[in-house]
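Read off the chains here:
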Amino acid sequence: MYVVKSPLSDADLKTVTEALQGALVDLVDLSLVAKQIHWNVVGPRFRSVHLQLDEVVDTARLHSDTVAERASALGVPPDGRAATVAAGSGIGAVPDGWVKDVDAVGTLVQALGAVIARMRERVAATAEADPVSQDIFITITADLEKHHWMFQAENG
């Protein structure tokens, strides 16, 4: 059932739908990973890493809403359910229990790197199909790369 009709062709809509849904899954999982580590980080840099993780959570949540609303605007129902996120995320498993600050930073560097790589693929995939969605992916990628840089610098 289509409540909203997309202005895109069926082929372009398929490409954009896959990109938007994949981005939604990655962003929801990134927010969960960062929050999980935020709750469990320990070590001499606890406070700075703890606060930095919340910045990633805020960024991921903001962009996940933008992505989901773009999908809706194109007539595609976004799916951010836990099972969908768990099945489709490109982020690896996060350690349980307390996480030393240096390991927390390393985990975020890896998680951000994985999401950035997939976002860059989405930028390329949507260039012709939908420059509006591509612009969203470019903005998300820039913001995530800034966090990636800062976490890499954190561990020097």
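Here, every reference points to the structure presented above.
Values in this document were obtained by computation on a predicted structure and should not be read as measured data.

Student: Just to check I follow, could you spell out the packing of helix H1 (residues 10–40) against helix H4 (residues 101–125) for this structure?
Tutor: What describes two packed helices is the angle between their axes and the distance between those same axes. Orientation of H1 relative to H4, taken along the N-to-C sense of each, is 170°, at an axis distance of 10 Å. Taken together, H1 and H4 sit at an angle that is classed as roughly antiparallel. Taken together, the residues of H4 that come into contact with H1 (itself represented by Thr 15, Ala 19, Gly 22, Ala 23, Asp 26, Leu 27, Leu 30, Val 33, Ala 34 and Ile 37) are Ala 104, Thr 107, Leu 108, Ala 111, Leu 112, Val 115, Arg 118, Met 119, Arg 122 and Ala 125. For the contact of H1 with H4, the per-class residue count stands at 14 nonpolar, 3 polar and 3 charged.

Student: What is the right way to look at helix H5 (residues 131–155) in this model?
Tutor: Since one α-helical turn is 3.6 residues long, residues separated by three or four positions face the same way. With 25 residues, H5 extends 36 Å between its outermost C-alpha atoms, agreeing within 8% with the 36 Å of an ideal straight helix rising 1.5 Å per residue. Within H5, burial applies to Ser 133, Gln 134, Ile 136, Phe 137, Ile 140, Thr 141, Leu 144, His 147, His 148 and Phe 151. Contacts made by the buried residues of H5 are with H1, helix H2 (46–73) and H4. Downstream of H5 by one or two residues, Gly 156 has phi in the positive range, about 55°.

Student: Just to check I follow, could you spell out the packing of H2 against H4 for this structure?
Tutor: For the pair H2 and H4, the least separation of the axes is 10 Å and the interaxial angle reads 20°. Taken together, the axis directions place H2 and H4 in an arrangement best described as roughly parallel. Remark: the crossing between H2 and H4 carries left-handed chirality. Packed against H2, whose contacting residues are Phe 46, Val 49, Leu 53 and Val 56, the element H4 presents Asp 101, Ala 104, Val 105 and Leu 108 at the interface.

Student: Can you help me understand the pattern of salt bridges in this one?
Tutor: Here the structure, examined in full by the defined rule, presents 9 salt bridges. Between Asp 26 and Arg 122 there is a salt bridge; the shortest N-O distance is 3.1 Å. With Asp 26 in helix H1 and Arg 122 in helix H4, this pair connects stretches of sequence that are 96 residues apart. The exposure classification of Asp 26 matches that of Arg 122, with both residues buried. Through salt bridges with shared partners, one network takes in Asp 26, Arg 118 and Arg 122.

Student: For this particular structure, what's the right way to read the side chain of Arg 122?
Tutor: For Arg 122, a relative accessible area of 8% corresponds to the buried category. Within the structure, Arg 122 has its side chain in polar contact with the side chain of Asp 26 (distance 3.1 Å). Beyond its immediate stretch of four places on either side in the chain, Arg 122 contacts Ala 19, Gly 22, Ala 23, Asp 26 and Phe 137.

Student: Sorry, what's going on with empty space enclosed by the protein here?
Tutor: The rolling of a water-molecule-sized probe over the atoms marks out the regions of remaining empty space. As enumerated under the stated definition, the model contains 1 cavity of 30 Å³ or more in all. One number sums up the size of the largest cavity: a volume of about 30 Å³. Forming the walls of the largest cavity are Leu 20, Gln 21, Leu 24, Val 67, Ala 71, Val 76, Pro 77 and Pro 78. For the lining of the largest cavity, the elements supplying multiple residues, two or more each, are H1 and H2. When residues in the lining of the largest cavity are grouped by element, the largest group, 3 residues, is from H1. Split by residue class, the lining of the largest cavity holds 7 nonpolar, 1 polar and no charged.

What counts as what
Residues numbered from 1 in each chain as written. Predicted model: local features only at pLDDT ≥ 70, side-chain atom pairs only at ≥ 80, totals over all residues. Heavy atoms only, no water. Axes fitted to C-alpha atoms, helices over the stretch in contact; angles between N-to-C directions. Helix = DSSP H or I, 4+ residues; strand = E, 2+ residues; numbered from the N terminus. Parallel < 35°, antiparallel > 145°, perpendicular 65-115°, else oblique. Contact = heavy atoms within 4.5 Å. Nonpolar A, V, L, I, M, F, W, Y, C, P; charged D, E, K, R; others polar. Expected span 1.5 Å × (residues − 1). Buried < 20%, exposed > 50% of the residue type's maximum accessible area, 1.4 Å probe, protein only. Left-handed = near helix turned anticlockwise from the far one by under 90°. Salt bridge = Lys/Arg side-chain N within 4 Å of Asp/Glu carboxyl O. Polar contact = N/O pair within 3.5 Å; in protein donor to acceptor, adjacent residues only side chain to side chain. 1 Å grid on protein atoms, 1.4 Å probe; cavity = no way out; pocket = protein on both sides within 12 Å on 5 of 7 lines; lining within 4 Å. Points joined across faces, edges and corners; volume = space filled by probe spheres on them.

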